[in-house]
Amino acid sequence: MKSTRSGGKAGGKSSRSRPHARSDAHSRIREGVAREAARLISTGEAGDYPQARRKASQRMGILDKALLPANQDIEQALQDYQRLFRPETAELSYRYREAALEAMAFLAPFQPRLTGPVLDGTADAQSVVTLHLHDDDADAFAHHLQQHDIPADTDLLRLRLDAHREGEFPVWRFFAGDVPFELVGLPSLQVRQAPFAPGDDQPMRRASATQLRRLMQDEDGSLDTAAGTGPDA
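Only a predicted model underlies this, so the values are computations on that prediction, with no experimental measurement involved.

1. Let's talk about the pattern of salt bridges
Next up, step 1: Scanning all chains against the criterion turns up 13 salt bridges.
Next up, step 2: Between Asp 178 and Arg 95 there is a salt bridge, and its shortest N-O distance comes to 3.3 Å. Here Asp 178 is found in the loop between β4 (166–176) and β5 (179–186), whereas its partner Arg 95 is found in helix α4 (residues 88–106), with 83 residues between them in sequence.
Next up, step 3: Residue classification places Arg 95 among the partly exposed positions, given a relative accessible area of 36%.
Next up, step 4: Arg 160 is the salt-bridge partner of Asp 201, the closest N and O atoms lying 2.9 Å from each other.

2. Quick word on the pairing of strand β3 (residues 153–160)
Next up, step 1: One ladder, built from eight bridges, connects β3 with β4; its direction is antiparallel. Its bridge partner lying in β4, Leu 159 is registered against Gly 167.
Next up, step 2: Linking two consecutive strands that pair antiparallel, namely β3 and β4, is a turn of five residues.

3. Quick notes on α4
Since there are 3.6 residues in each turn of an α-helix, residues three or four apart along the chain are aligned in direction.
Next up, step 1: When the terminal C-alpha atoms of α4 are compared, their 28 Å separation across 19 residues agrees well with the 27 Å that a helix rising 1.5 Å per residue should span.
Next up, step 2: For α4, the set of buried residues is Thr 89, Leu 92, Ser 93, Tyr 96, Arg 97, Ala 99, Ala 100, Leu 101, Ala 103 and Met 104.

Reading guide: rules and limits
- Residues numbered from 1 in each chain as written.
- Predicted model: local features only at pLDDT ≥ 70, side-chain atom pairs only at ≥ 80, totals over all residues.
- Heavy atoms only, no water.
- Salt bridge = Lys/Arg side-chain N within 4 Å of Asp/Glu carboxyl O.
- Helix = DSSP H or I, 4+ residues; strand = E, 2+ residues; numbered from the N terminus.
- Buried < 20%, exposed > 50% of the residue type's maximum accessible area, 1.4 Å probe, protein only.
- Pairing = 2+ DSSP bridges.
- Expected span 1.5 Å × (residues − 1).

Have a look at this one:
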């Protein structure tokens, strides 16, 4: 009897450990796909997170969508990759963020929000400063640029506003010095709700000028402290 109970107990432990081992294995697969996706983006073989995730999973033979990383996982892997292999991206991101702050002051009437690689701190030579502008008069954006003699190429961009709505929105692209900009015109209500990120069911990460300044100050402090040159050094 003792032997039987002991065997059953051991069997119970084994059955409980299997889901845990499976979960660890799935996490390792997601991390591997995220790292490969990050490498593809950094080397220019993929242009965004959805494309990088698709290419990485195909190369690794991962067919189960439940094993694929979220955009945030790829973003973190990209930051890790660039810290190791592309340290110059930090300097470029900072310079583009400074340009973004200047542009956001100029575009203040439209409550601009920064999004994309420049905000994430993963900007590279192919990145642009992407700003979302907000006004119910779609012509107001174009008039503002024209009044200040800023020539721009126009286009349309399809975005999902939420789980049920999507549409095409005007885009203006131009250079300010050597910094490429992309302005996306959105309805005024979208200032409170960011559109969904491509290939994801989560709102894009965005920042106002105030939030961007705070982020840059926080990161500067972290770098100074890490280098031993902070205020308490």
